[in-house]
Amino acid sequence: MLHSATPISIASTAPHRIQLSGATESTRPPKSTITPKKKPNELPFKEKKDGFVDYNRGQHEVSTKIDGLRKDDIPAHYRLRVAGNRFQKDWTVSEVADSVLSLTLRDDVEGLLNRWIGRFARKNFPFLIRELTHRGSIEHCNLVFSWMKNQKNYCARTDIYNMMIRLQARHNRMDQARGLFFEMQKCRCKPDAETYNALINAHGRAGQWRWAMNIMDDMLRAAIPPSRSTYNNLINACGSSGNWKEALNLCKKMTDNGVGPDLVTHNIMLSAFKSGAQYSKALSYFELMKGTHIRPDTTTHNIVIHCLVKLQQYDKAIDIFNSMKEKKSECRPDVVTYTSIIHLYSMCGKIENCEAAFNMMLAEGMKPNIVSYNALLGAYAARGMENEAHLVFNKIKQNGFRPDIVSYTSLLNAYGRSRKPQKAREIFKMIKKNNLKPNIVSYNALIDAYGSNGLLEDAIEILREMEQDKIHPNVVSICTLLAACGRCCQKVKIDTVLSAAQMRGIKLNTVAYNSAIGSYISMGEYDKAIDLYKSMSKKKIKSDSVTYTILISGCCKMSKYGEALSFMEEMMHLKLPMSQEVYSSVICAYSKRGQIVEAESTFNLMKSSGCNPDVVTYTAMLDAYNTAEKWEKAYALFEEMEANGTKLDTIACAAVMNAFNKGGWPRRVLSLAQRMREKEIPLSDTIFFEMVSACSLLRDWKTAVDVIKYMEPSLPIISSGCLNLFLNSLGKSGKIETMFKLFFKMLTSGADVNFNTYSILLKNLLSSGNWRKYLEVLQWMEDAGIRPSNEMYHDISSFSQKCCGAENAAVIKERLESLQRKHADQISASKPCESHLS
């Protein structure tokens, strides 16, 4: 029988003895000792957390330390060997790793390791290699591994080789990784599943997915069953190379072999679809994934948001983002999520939302990375907001980041779009000054900076500079130059750029052809544009909606309405989506050809296809109704515009006013003009013309006088036809004094006063019987250098004989003779000068 147990003391590093006590002397069994087997000491290899916090500077650091086997743990004969030697140091494994990494490659690393007492315990070697490989210094690891293999107590181990292979893989050293694989087999180290996984991962990082597949076959031949990590690494190798089909086949094979996919597998597959630009397939895969028991994480949602942005399904992406922000959500947004949302708002042109998303990320306590700053910088650059872009660029440096080539290129693009090409050139020089190499995107941005500002020669010079830096131009460079040629209206340069592309072996894509066709169309070179369009079909390059939009709108601008309609038929045959611009151009073409039924049919087709008409389309339809004299339908269309909330512009209002006047509703013209003033819609020359016509039809001269007040600031830019119509209307109404007030305002403002203007004044003066003012106006004409016609003299002579009496007729005759003599003297005086000049 046992009495109360005595205390038991257990030492951690030495064998312990357990003594049983508590029985009586007579019944106590014979004393015996139990000496257990010596167990390996695992405590030295237990990881310990070590850290510090500096509250003043707001810094903290947490690290993991490993002691390893020390002097007391090594065999006795090794302890005797190092005893009393002051150069032998009893360091921990973590201290050795720190000391090695503090040395440069030129220092004596082996000398340091030979002073370490723990080298006599080979169990320290795997942990030392693990410490070094985790910190990623490959050169130091190679030196330590070479030293380790020369130690007498070294024994080749699979885990050490696996760690070294993974390290080589992280640094894309494929030959060294394969060399270690063959070396371990010579050392009779049998590769395991982790070894093959490391090799497959290495080849996946290098994009060598076929090599990874071969390694998988070797693994099967070695009778090593693939694990889930094996399949994940292999799927990632295929997916990262853009080979999404092979990745999908492996995923199916993985399931067939009884190794079910996990969340990592699904995320890798989604990344594979993303890398292969199969965004719709990624979303379909995500829907299938939601039907399983595996819940998506933040990485999953980030990939889905990226795919939705690429497909321009912005609302769905925002919905996922908002669901991630909910309190009960298990997947909280991270820096990648916010960066994607900033890019989304940038694509939509909502700069304020980009700033709000960036500030929200800061409010959540997240530290933006260089990609986040570049996303915000790119958003400003796309809108030419160079001041805001420069502030973000400075913040990158203030927050401890080094601007990369994307940062500089975005800033360069910002200055280019804000029409500051010289400033863009300064940023380009800063790229080289900061030891960065400009890439093809940087050069294209600089070409666009000069080309978009009409500096075509400088843009071409940059193309030559690019080739001198051994960077070959691509199709984007050619597109940029072609667009610049169109802006500068240089037809010869377009031919030169196309020839340069052909000489350099640059194959033009659809975008390049669209740029060239658009440039030719903008200069009126219809035949050359058509030749390019035909060459597209010969080279089997598909035309898209942009191609036909350029051709149709260009044909309408050049009054080639039949050609525009034929292109529209081709577009419909190819089932390409038609834009508002195309519909507007086609309606205009039908209108000009008098095909009002076809114009109406096209307009109804546009609305039924889900494409809402804009103000340009409505205006084209209004012009069609005006041409066909369908005034009632024009008015009904105007009411439809108002019901749909379409924002009116000056051109649309002019078309509506024209319909009102010709349809017999002049009061509606004045009412619409009042609404235009309330909504601050600019009043054009055509608007004033319709207003004057409406006043004439209504004989509302009081309103006509008010119209003069609105016209006065715009008199210099109003056409003489409109002003002459107004003068004639005032004269017919008997408002002679008001007519002359307008005439004097025309003279003061510098408006065009021509022969017709004086003819209207004289005609209305004669109608009112004011022969004295008539003679005065004739004198004004002579003084202005405008010669009165013989008919004007004849009209006043006839008037004097019929209506003025003998006394006034004599006065008129004398004045007319004086004017005619003065005119004859001016002609005779100018003849000697002309003969002298000849």
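If you're wondering where the values come from, they're calculated on a predicted model, not measured in any experiment.

Definitions and limits used
- Residues numbered from 1 in each chain as written.
- Predicted model: local features only at pLDDT ≥ 70, side-chain atom pairs only at ≥ 80, totals over all residues.
- Heavy atoms only, no water.
- Helix = DSSP H or I, 4+ residues; strand = E, 2+ residues; numbered from the N terminus.
- Buried < 20%, exposed > 50% of the residue type's maximum accessible area, 1.4 Å probe, protein only.
- Contact = heavy atoms within 4.5 Å.
- Areas by Shrake-Rupley, 256 points an atom, 1.4 Å probe, with all protein chains shown as cover.
- Lys, Arg positive; Asp, Glu negative; His and termini not counted.
- Charge placed at Lys NZ, Arg CZ, Asp CG, Glu CD.
- Arc of directions from axis to C-beta.
- Salt bridge = Lys/Arg side-chain N within 4 Å of Asp/Glu carboxyl O.
- Axes fitted to C-alpha atoms, helices over the stretch in contact; angles between N-to-C directions.
- Parallel < 35°, antiparallel > 145°, perpendicular 65-115°, else oblique.
- Left-handed = near helix turned anticlockwise from the far one by under 90°.
- Nonpolar A, V, L, I, M, F, W, Y, C, P; charged D, E, K, R; others polar.
- Phe/Tyr/Trp six-rings, centres within 6.5 Å; stacked < 30°, edge-to-face > 60°.
- Lys NZ or Arg CZ within 6 Å of the ring centre and 35° of its normal.
- Disulfide = S-S within 2.5 Å.
- pLDDT = per-residue confidence, 0-100.
- Polar contact = N/O pair within 3.5 Å; in protein donor to acceptor, adjacent residues only side chain to side chain.
- Expected span 1.5 Å × (residues − 1).

Turning to the overall build of the chain, a few remarks are in order. Broken down by element type, the chain carries 43 helices and 2 strands. In terms of overall dimensions, the chain has a C-alpha envelope of 175 × 65 × 65 Å along the principal axes. A buried classification covers 45% of the 838 residues belonging to the chain. Within the chain, residue pairs in contact and separated by at least 24 positions form 59% of the contacts whose partners lie at least 6 positions apart. About 45600 Å² of surface is accessible on the chain, with carbon and sulfur atoms providing 51% of the total. The average position of the 111 basic charges and that of the 86 acidic charges among the side chains of the chain differ by 8 Å.

Moving on to unusual backbone geometry. Although it is not a glycine, Ser-559 sits at a positive phi angle of roughly 60 degrees. Along the polypeptide, Ser-559 turns up in the loop between α28 (545-557) and α29 (561-573).

The next point concerns helix α2 (residues 93-102). Those residues of α2 lying buried are Val-93, Ser-94, Val-96, Ala-97 and Val-100. Around the axis of α2, the buried residues are gathered within 160 degrees of arc, so they sit on the same side. Elements that come into contact with the buried residues of α2 comprise β2 (59-65), α3 (109-113), α4 (124-135) and α5 (138-149).

Pairs can form between side chains of opposite charge whenever their charged atoms are close. All told, the structure shown has 22 salt bridges when counted by the stated rule. The shortest N-O distance in the salt bridge between Glu-139 and Arg-173 comes to 2.8 Å. Here Arg-173 lies in the loop between α6 (158-170) and α7 (174-186) and Glu-139 lies in helix α5, a separation of 34 residues in the sequence. You can call Arg-173 partly exposed: its relative accessible area is 25%. Between Glu-287 and Lys-290 there is a salt bridge, and its shortest N-O distance comes to 3.3 Å. With Glu-287 and Lys-290 both in helix α13 (residues 279-290) and 3 residues apart, this pair spans about one turn of that helix. We classify Lys-290 as partly exposed; its relative accessible area is 46%. One connected set of salt bridges, linked through shared partners, spans Lys-65, Asp-98, Glu-131 and Arg-135.

Our next topic: the environment of Ile-74. Relative to the helices and strands, Ile-74 is located in the loop between β2 and α1 (76-82). For Ile-74 and Ile-460, which are 386 residues apart along the polypeptide, the C-alpha to C-alpha distance reads 74 Å. Not counting the four nearest positions on each side in its chain, Ile-74 is found in contact with Arg-79, Ile-117, Phe-120 and Ala-121.

With that settled, consider the packing of helix α20 (residues 405-417) against helix α21 (residues 421-433). Packing of α20 against α21 leaves a shortest axis separation of 7 Å and a crossing angle of 170 degrees. Comparing the axis directions of α20 and α21 gives the class roughly antiparallel. Helix-helix and strand crossings are classified by hand; for α20 and α21 the assignment is left-handed. When α20 is examined against α21, the residues Ile-405, Tyr-408, Leu-411, Leu-412, Tyr-415 and Gly-416 are found in contact with a partner set consisting of Pro-421, Lys-423, Ala-424, Ile-427, Phe-428, Met-430 and Ile-431. For the contact of α20 with α21, the per-class residue count stands at 11 nonpolar, 1 polar and 1 charged.

As a further point, take the packing of helix α30 (residues 580-592) against helix α32 (residues 615-627). Two elements in contact, α30 and α32, have axes whose closest approach is 9 Å; the angle formed by their N-to-C orientations is 10 degrees. With respect to α32, the element α30 is oriented roughly parallel. Across the interface between the two elements, Gln-580, Ser-584, Ile-587, Cys-588 and Ser-591 from α30 touch Val-616, Thr-617, Ala-620, Met-621, Asp-623, Ala-624 and Thr-627 from α32. Considered class by class, the residues forming the contact of α30 with α32 number 6 nonpolar, 5 polar and 1 charged.

Right, let's talk about the packing of aromatic side chains for a bit. Going through the model one piece at a time under the given rule, you end up with 26 aromatic pairs. Ring centres of Phe-660 and Trp-665 lie 6.4 Å apart, and the angle between their planes is 85 degrees; this geometry places the pair in the edge-to-face category. Each member of the pair, Phe-660 as well as Trp-665, carries the same accessibility label: buried. An angle of 40 degrees between the planes, with centres 6.1 Å apart, marks the rings of Phe-740 and Phe-744 as tilted. On the criterion of helical spacing, the pair formed by Phe-740 and Phe-744 is a turn pair, its members being 4 residues apart in helix α39 (residues 736-749). These aromatic residues form a ring-pair network of at least three members: Phe-740, Phe-743, Phe-744, Tyr-758 and Trp-780. The lysine or arginine in question, Arg-178, covers the ring of Trp-211, its NZ or CZ lying 4.2 Å from the ring centre. In this arrangement the basic side chain of Lys-560 is found over the ring face of Tyr-526, its NZ or CZ atom lying 4.9 Å from the centre.

A separate point is the state of the cysteines. According to the stated counting rule, one finds 0 disulfides in the structure shown. Of the cysteine sulfurs around Cys-238, a residue in no disulfide, the closest is that of Cys-251, at 12 Å. Of all cysteine sulfurs, the one in Cys-251 lies closest to Cys-307, which takes part in no disulfide; the gap is 16 Å.

When pLDDT is averaged along the chain, the result is 81, and 91% of the positions lie at 70 or above. Note on residues 1-39: pLDDT under 50 across the span, and 18 contacts to partners over four residues away in sequence or across chains. This stretch, residues 833-838, has a pLDDT under 50; its non-local contacts, to residues over four places away or in other chains, come to 0 contacts.

What follows deals with the side chain of Asn-233. Note on placement: Asn-233 falls in helix α10 (residues 228-240). A polar contact is formed between the side chain of Asn-233 and the backbone oxygen of Asn-197, at a distance of 3.4 Å. Apart from the residues within four sequence positions on either side, Asn-233 is in contact with Asn-197, Ile-200 and Asn-201.

Counting through the fold element by element, Tyr-279 comes out in helix α13. Under the relative-accessibility criterion, Tyr-279 is labelled buried at 18%.

Secondary-structure assignment places Asn-374 in helix α18 (residues 370-382). The exposure class assigned to Asn-374 is buried, which follows from its relative accessible area of 9%. The contact partners of Asn-374, leaving out residues within four places of it in the chain, are Ile-396, Asp-404, Val-406 and Ser-407.

A rise of 1.5 Å per residue sets the reference length of helix α15 (residues 314-325), with its 12 residues, at 16 Å; its end C-alpha atoms lie 17 Å apart and thus fit the reference within 8%. Listed as buried for α15 are Tyr-314, Ala-317, Ile-318, Ile-320, Phe-321 and Met-324. For α15, the angular spread of buried residues about the axis comes to 160 degrees, placing them on one side. In α15, the exposed positions that point more than 90 degrees away from the buried face belong to Asp-315 and Lys-316. Against the buried residues of α15 lie α14 (298-310), α16 (335-348) and α17 (351-363).

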